[in-house]
Amino acid sequence: MLFFLFLFGALTVPGKVKWWLVTAVLFTVLISFGKNFEGFNRILFDYFPMFNKFRTPNSVFSITGILITILAGLGFNNLIKAEDKSQYLKPLYISGGTLGLIALLFAFVGPSMIDFSSAYDARMGDPRLVDALIEDRIDLLTSSAYRVLLLTLIATGLVWAYLKSYINQYVLIIGIGLVAIFDQFQVSSNYFNKDSFVNDRQYKAANFSPRPVDEQILQDKDLHYRVQDFTVDTYNSASTSYFHKTIGGYHPAKLQRIQDVIDHYLANRTQENPFGNQRILNMLNTKYFILPSQNNQAVVQQNPSANGNAWFVSDIEYVNTPNEEIDALADFDPIRTAVISNEFKDYVSSASLSGDGSIQLTSYEPNKLEYTSTSSAEQLAVFSEVWYGPDLGWNAYIDGEKVEHIRANYLLRALKIPAGQHTIVFEFKPKSFENGKLISLISSICIVLLGGFAGYQLYNKNKNTDKDE
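Each chain carries its own residue numbering, running from 1 in the direction its sequence is written. Given that this is a predicted model, residues contribute local features only at a pLDDT of at least 70 and side-chain atom pairs are listed and counted only at 80 or more, while totals for whole chains, interfaces and linings are drawn from all residues. Only heavy atoms go into the side-chain values, all of them from the structure, while hydrogens and water stay out.

Whenever I open this one, the sheet that holds strand E7 (residues 358-365) confuses me. Can you help?
Whether parallel or antiparallel, the strands of a sheet pair through hydrogen bonds between backbone atoms. Note: two strands are recorded as paired if DSSP finds a minimum of 2 bridges between them. In this description a helix means any DSSP run of H or I spanning at least four residues, a strand means any run of E spanning at least two, and both kinds are numbered starting from the N terminus. With antiparallel pairing, 5 strands are arranged side by side in an open sheet as E7-E8-E14-E10-E11. The open sheet terminates on both sides in strands that have one partner only, identified here as E7 and strand E11 (401-403). Sheet twist, expressed as the mean angle between neighbouring strand axes with direction ignored, is 25 degrees. All axes here are fitted lines through C-alpha atoms, helices being fitted over the stretch that makes contact, and every angle between N-to-C directions spans 0 to 180 degrees.

See below:
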């Protein structure tokens, strides 16, 4: 439906705006091909700013839909406002006929032109399941093609009837609107339908029922600790994260430094290191392991060596490069030593580094962590939290005063803390969020003012009309 209006708009909208929109749509379609059109997309990936930040080229379809809708709307607007409607008959026949022929081509010839197999089919194991899946894909193609053909015929018929003055513009608008809503509903229901709405309690019971091991761990009321689950695909399953803060889990866009540590030290388990590098797990405050047992029941094993949420170190190992920094984690004692890049050497040079004193987490929220510390001399504390870099949102405060913090152990945060008793706070307050709130506030005020001004003008216009009468 939308593509029909887009083609109609491309044939009827005059001026440069049309060509800009058509060119932009073609450009985004080429981008969506990804590696299938690598000669074009490789240049953009390597040289176009921020282009390589997208997870998949298909993300560009969100822009494509907006551009198509704009051109379709312009074409439909010109149709309604046109005085000579006969000039729109030829573009109507071309757009309707083209889309109809494409739909027929896919319906009758598509199954013999397209390979419906996938590289992932081998995971099915049973060839009968693969054959059934291929048949479903063919049925989906043909049914979609017939649906497009039917909607195109209806839309073309409505526009034709309007151009021939068999119906007025209100019937046309309502008819096109109903067809568009039906089209959107049919497509959207494939992804989001009534089966998506279930009772919250039933959904949790079916998908997130705690196991005995989960209930056992949840008895620990410490504010913050982590769990590593070996009964699932540790670094690609998110089910454990429903109950616990986990070392593994799944996210489509993990931080590179986290993935580096997983690849170097945690994913490769050996007989000597059945959990991965134990020192790294201690550093990440891994307090519990969930392990499979011989009777297929998960069991809990506590890690008494976990470093906790924060600690003072007594030694520094300086390195020059990120590679040296991550390599230094292979064999070090994280409770005593901090691996620090030379770029932060001036920051820690004044600390006494005796390791004496204590530091404890007193309050935990995802965006705010509070600690209390006591020491007889200035110390360097390492926190079992990910360092995000300077000026990216996480701010450190000592007794309410904002201070600088640095990176330690390739991945974690470190902070120089003066002697005495202090309150340390890490809070996530990105400038982009604050700027966004300010922009939203200004925009809301402008909309209210413009709405009020428009209402006032309309009131005065009606008032003057009444006086003239």
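Could you clarify how one ought to interpret the side chain of Glu325 in this entry?
With respect to the secondary-structure elements, Glu325 resides in helix H13 (residues 322-327). Each residue gets one of three labels from its accessible area relative to the maximum for its type: buried under 20%, exposed over 50%, partly exposed in between, using a 1.4 Å probe on protein chains only. With relative accessibility at 0%, the residue Glu325 sits in the buried group. A 3.5 Å cut-off defines polar contacts: any pair of N or O atoms within that distance qualifies, except that in protein one atom must be a possible hydrogen donor and the other a possible acceptor, and neighbouring residues in sequence count only when both atoms are side-chain atoms. For Glu325, the side chain forms a polar contact with the main-chain nitrogen of Tyr410, separated by 3.1 Å. Residues are treated as being in contact if the distance between any of their heavy atoms lies within 4.5 Å. Those residues in contact with Glu325 that lie beyond four places of it in its chain are Arg257, Val319, Val339, Ser341, Arg407, Asn409 and Tyr410.

Would you take a moment to explain the sheet that holds strand E3 (residues 298-302) for this structure?
On the basis of which strands lie adjacent, the open sheet formed by 3 strands has the order E1-E2-E3 and mixed pairing. A single partner strand is all that each edge strand has here, and the edge strands are strand E1 (226-229) and E3. Sheet twist, expressed as the average angle between the axes of neighbouring strands with direction ignored, equals 25 degrees. Of the pairings in the sheet, the one linking strand E2 (residues 286-292) to E3 comprises 5 bridges and is antiparallel in character. When the bridges of E3 are listed, Phe289 appears paired with Gln301.

Quick question: what am I supposed to make of the nonpolar core here?
Soluble, globular proteins show a tendency: their nonpolar side chains are buried together. Buried residues of nine kinds, namely Ala, Val, Leu, Ile, Met, Phe, Trp, Tyr and Cys, make up a nonpolar core once their side-chain atoms join them within 4.5 Å. Counting residues in hydrophobic clusters, the biggest one holds 55 residues, and the most contacted among them are Leu266, Ile280, Ile359, Tyr371, Phe383, Leu415 and Ile424. Per-element accounting of this core gives the leading share, 5 residues, to strand E9 (residues 379-386). Not counting residues within four places of it along the chain, the set of residues in contact with Leu266 comprises Tyr235, Ile247, Val261, Phe275, Gly276, Asn277, Ile280, Leu281 and Leu284. In terms of nonpolar packing, the next biggest core, distinct from the first, is built from 21 residues, Tyr88, Leu92, Leu172 and Ile176 among them.

Explain empty space enclosed by the protein to me, please; I cannot follow it from the model alone.
To locate leftover empty space, one rolls a probe as large as a water molecule over the atoms. Grid points spaced at 1 Å over the protein atoms alone were grouped into cavities, where a 1.4 Å probe fits but cannot get out, and pockets, open sets with protein on both sides within 12 Å along at least five of seven lines, with lining residues defined by an atom within 4 Å of a point. Grid points are joined across faces, edges and corners, and a volume is the space filled by probe spheres set on the points. Counting across every chain of the model gives 1 cavity of 30 Å³ or more. Estimated volume of the largest cavity: approximately 50 Å³. Taken together, Val227, Gln228, Asp229, Val232, Thr234, Ser237, Thr240, Thr246, Gly248 and Gly249 make up the lining of the largest cavity.

I would appreciate a short explanation of the pattern of salt bridges in the present structure.
Two side chains with opposite charge may pair up if their charged atoms get near one another. One side-chain nitrogen of Lys or Arg within 4 Å of one carboxyl oxygen of Asp or Glu is enough to make a salt bridge. This model, assessed by the stated rule, comprises 13 salt bridges. Across the salt bridge formed by Asp214 and Arg211, the nearest N and O atoms sit 3.0 Å from each other. When the shortest N-O distance is used, the salt bridge between Glu343 and Arg407 registers 3.3 Å. Of the two residues, Glu343 is situated in the loop between strand E6 (337-341) and helix H14 (345-348) and Arg407 in strand E12 (residues 406-408); the sequence distance between them amounts to 64 residues. The exposure class of Glu343 is exposed, given its relative accessible area of 57%. Among the charged side chains, a network of salt bridges with common partners joins Glu38, Arg42 and Asp46.

I would appreciate a short explanation of the environment of Ala338 in the present structure.
Position of Ala338 among the secondary structure elements: in strand E6. Judged by relative accessible area, which is 0%, Ala338 ranks as buried. Sequence separation between Ala338 and His405 is 67 residues; the distance between their C-alpha atoms is 14 Å. Beyond its immediate chain neighbours, meaning those up to four positions away, Ala338 contacts Val313, Asp315, Ile316, Glu317, Val382 and Asn409.

Sorry if this is basic, but what is going on with the packing of aromatic side chains here?
To describe a pair of aromatic rings, one takes the distance between the centres and the angle between the planes. Ring pairs are drawn from Phe, Tyr and Trp, using the six-membered ring of Trp, whenever the two centres fall within 6.5 Å, and their geometry is named by plane angle: stacked under 30 degrees, edge-to-face over 60, tilted for the rest. Counted under the stated rule, the structure contains 15 aromatic pairs. Ring centres 6.1 Å apart and planes at 90 degrees place the aromatic pair Phe108 and Tyr146 in the edge-to-face group. Here Phe108, found in helix H5 (residues 89-108), pairs with Tyr146, found in helix H7 (residues 127-163); they are 38 residues apart in sequence, far enough to count as distant. The class for Phe108 is exposed, based on a relative accessible area of 57%. Taking the relative accessible area as the measure of exposure, Tyr146 reaches 41% and is therefore partly exposed. Arranged with centres 5.7 Å apart and planes meeting at 20 degrees, the rings of Phe230 and Phe275 form a pair that is stacked. Remark: Phe275 occurs in the loop between helix H11 (256-266) and helix H12 (278-283) and Phe230 occurs in the loop between E1 and H11; sequence separation between them is 45 residues.

What exactly am I supposed to notice about a negative patch on the surface here?
Candidates for patches are residues over 30% relative accessible area with no salt bridge; among them, like charges are joined within 9 Å and nonpolar side chains (Val, Leu, Ile, Met, Phe, Trp, Tyr) within 5 Å. All accessibility values rest on the Shrake-Rupley procedure with a 1.4 Å probe; residue burial counts only the protein chains present in the view. In summary, the charge assignment counts Lys and Arg as positive and Asp and Glu as negative, without counting His or the chain termini. The atoms used to mark charge sites are NZ of Lys, CZ of Arg, CG of Asp and CD of Glu. Taken together, the side chains of Asp131, Glu135, Asp136 and Asp139 make up a negatively charged region of the molecular surface. Turning to its location among the elements, Asp131 is positioned in helix H7.

Which parts of the structure should I look at to understand the pairing of strand E13 (residues 412-417)?
As a general feature of sheets, a regular strand has side chains that alternate between the two faces. The element E13 is extensively covered by neighbouring structure, given that 5 of its 6 residues are classed as buried. With 6 bridges joining them, E9 and E13 adopt antiparallel strand pairing. Residue pairing across strands places Val382 opposite Ala414, the latter belonging to E13. Judged from the 3 bridges that link them, E12 and E13 form a sheet pairing that is antiparallel. Within the sheet, the bridge partner assigned to Ala408 lies in E13 and is Leu412. Between E12 and E13, which pair antiparallel in sequence order, lie 3 residues; one of them, Asn409, sits at a positive phi of approximately 55 degrees.

In this structure, what is going on with the environment of Ala107? I would like to understand it.
Mapping Ala107 onto the fold places it in helix H5. By relative accessible area, which is 8% here, Ala107 ends up buried. Put simply, Ala107 and Leu2 are 105 residues apart on the chain and 19 Å apart in space, counted from C-alpha to C-alpha.

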